[in-house]
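Structure at a glance
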Amino acid sequence: MAQNIYDKPEFFEGYSQLGRSVHGLDGAAEWPAIRAALPDLQGSHVVDLGCGFGWFSRFAREQGAARVLGLDLSENMIARARRDTADPAIEYGIADLDHLTLEDGAFDLAYSSLAFHYVEDFDRLIQAIHNALMPGSHLVFTIEHPIYMASLTPGWQVGENGRKRWPVDHYSVEGRRTTDWLAKGVVKYHRTIGTTLNALMRGGFAIRHVEEWHPTPAQIAANPDLAEEMERPMILIVDAQR
């Protein structure tokens with residue numbers, strides 16, 4: 001079973017205070033790029049993997065999705081999503097993505113935001129998603145960029161000239177990473193870009209769009225703190241089609 005870090009009180013409290021937790025999709029700087037990668041949702045059946053507070057599940061319904069299934073390992077997340085959702089066409093449930101089972105051919109879109117890097121068996125997950133999608137349907141997801149999460153000691157390093165650097169050691173050594181973020185001992189799984197994309201193609205998907213996200217000049221002008229995101233990619237956005 002995957003680590004259920006989001007049900008640890010100190011982690012959940014910290015996560016709940018993040019901008020993307022308070023303001024939803026608009027609180028995530030990468031959201032405009034993700035939205036541009038999404039297919040038309042009108043009349044679609046959507047599964048939201050790692051749905052968190054349910055922000056995307058509710059967005060999908062606003063865009064015309066006929067039915068949405070939001071799944072998350074965290075009981076805290078699902079409880080909050082249910083509390084904030086008053087729509088019988090949205091269903092929430094507890095699920096471990098490492099052992100995901102879905103009805104074959106039940107969905108037109110699988111979506112996931114910053115959840116797949118917690119999954120150990122990525123190939124199994126991709127096969128489960130492929131089986132659950134109708135032919136021609138899309139899988140759109142974001143993960144922490146492999147450059148961002150590769151290091152055994154992640155974090156900004158400041159040189160003598162004051163310039164920030166992000167370590168990229170052990171990039172080709174894939175597997176478990178343990179970091180301290182909001183709580184100690186958060187477990188993630190590093191995979192190179194090649195491993196990630198090849199797993200998708202091996203699982204029967206065609207790659208339609210890959211974006212190593214960075215903020216736009218307008219975003220940096222509005223929020224100068226985003227300028228550091230130009231030093232290294234933090235988020236990878238992928239659109240794959242069954």
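A brief structural summary. It should be emphasised that the depicted structure is a prediction, and the values quoted were computed from it without experimental measurement. (Residues numbered from 1 in each chain as written. Predicted model: local features only at pLDDT ≥ 70, side-chain atom pairs only at ≥ 80, totals over all residues. Heavy atoms only, no water.)

What about helix α4 (residues 55-62)?
Let me state the cut-off plainly: Whether a residue is buried, partly exposed or exposed follows from its accessible area with a 1.4 Å probe, protein chains only, as a fraction of its type maximum: under 20%, in between, or over 50%, in that order. Secondary structure elements are defined from DSSP: runs of H or I of at least 4 residues count as helices, runs of E of at least 2 residues count as strands, and each element is numbered from the N terminus. Two residues form a contact once any of their heavy atoms are found within 4.5 Å.
Buried within α4 are the following residues: F56, S57, R58, F59 and A60. Where the residues of α4 are buried, they touch α3 (31-37), β1 (45-49), β2 (67-72), α5 (75-83), β3 (90-94) and β4 (107-113). A positive phi of about 105° marks G64, the residue just after α4.

Overview of the nonpolar core
Operational definition: Residues enter a nonpolar core if they are buried and are Ala, Val, Leu, Ile, Met, Phe, Trp, Tyr or Cys, with the set joined through side-chain atoms within 4.5 Å.
In this structure, L100, F116, I129, L139 and L200 are the most contacted members of the largest nonpolar core, which totals 31 residues. Contributions of two or more residues to this core are made by β1, β2, β4, α6 (122-132), β5 (133-144), α8 (193-202) and β11 (235-241). If one sorts the elements of this core by residue count, α6 sits on top with six residues. Once you skip the residues sitting within four places of it in the chain, L200 turns out to touch I126, L139, F141, F205, I207, V238 and A240. A33, A65, L109 and V140 belong to the second-largest nonpolar core, a separate cluster that totals 26 residues.

A look at the side chain of H190
Where we set the bar: N or O atoms closer than or at 3.5 Å make up a polar contact, with two conditions inside protein: a donor-capable atom paired with an acceptor-capable one, and, for residues adjacent in sequence, both atoms drawn from side chains.
Structurally, the position occupied by H190 is in strand β9 (residues 186-190). Separated by 2.6 Å, the side chain of H190 and the backbone oxygen of Y171 make a polar contact. Excluding residues within four positions of it along the chain, H190 makes contact with P146, M149, A150, H170, Y171, V173, E174, G175 and R177.

Looking at the packing of α6 against α8
Worth spelling out the cut-off: Only the contacting stretch of a helix is used when fitting its axis, a line to C-alpha atoms as for every element, and angles between N-to-C directions run 0 to 180 degrees. Note on angle classes: values under 35 degrees are labelled roughly parallel, values over 145 roughly antiparallel, values of 65 to 115 roughly perpendicular, and the remainder oblique. Working rule for handedness: look at the near helix, and if it is turned counterclockwise from the far one by less than a right angle, call the crossing left-handed; if clockwise, right-handed. Basically, the charged four are Asp, Glu, Lys and Arg, the nonpolar ten are Ala, Val, Leu, Ile, Met, Phe, Trp, Tyr, Cys and Pro, and anything else, Gly included, counts as polar.
Here α6 crosses α8 at 40°, and the two axes come no closer than 9 Å. Looking at the two axes, α6 sits oblique to α8. Once α6 is placed against α8, the crossing between them reads as right-handed. Of the residues in α8, those in contact with F122, D123 and I126 of α6 are T196, A199, L200 and R202. Residues that form the contact of α6 with α8 fall into these classes: four nonpolar, one polar and two charged.

Brief notes about the side chain of E144
You can see E144 is positioned in strand β5. Excluding its chain neighbours within four sequence positions, the residues that come into contact with E144 are L114, H117, M149, K188 and M234.

A word on empty space enclosed by the protein
To find the voids left in a structure, one rolls a probe of water-molecule size over its atoms. Here is the rule: A cavity here means a set of points on a 1 Å grid, drawn over the protein atoms and nothing else, where a 1.4 Å probe fits but cannot get out; a pocket is an open set with protein on both sides within 12 Å along at least five of seven lines, and a residue lines either one if it has an atom within 4 Å of a point. Grid points are joined across faces, edges and corners, and a volume is the space filled by probe spheres set on the points.
By the definition in use, this model includes one cavity of 30 Å³ or more. The volume enclosed by the largest cavity comes to roughly 60 Å³. Around the largest cavity, the lining residues are F116, H117, F122, I143, E144, P146, M149, Y189, R191 and T196. Where the lining of the largest cavity is concerned, the elements lending two or more residues are β5 and α7 (146-149). The class makeup of the residues in the lining of the largest cavity is six nonpolar, two polar and two charged.

Examining the environment of P88
Mapped onto the elements of the fold, P88 is located in the loop between α5 and β3. On the basis of relative accessibility, which here comes to 86%, the residue P88 falls in the exposed class. Between the C-alpha atoms of P88 and V68, which are 20 residues apart in sequence, the distance is 9.6 Å.

Considering the sheet that holds β11
Let me state the cut-off plainly: For two strands to be treated as a pair, DSSP must find no fewer than two bridges joining them.
Read across the sheet, seven strands follow the order β3-β2-β1-β4-β5-β11-β10 without closing on themselves; strand pairing throughout is mixed. Whereas interior strands pair on both sides, the edge strands pair on one side only; in this sheet they are β3 and β10 (206-213). In this sheet, neighbouring strand axes are inclined to one another by 15° on average, regardless of whether the strands run parallel or antiparallel. Two elements, β1 and β4, share four bridges in a ladder whose sense is parallel. Of the residues in β4, the one forming a bridge with V47 is A110. Running at roughly 155° to β10, α8 makes contact with β5, β10 and β11 of the sheet.

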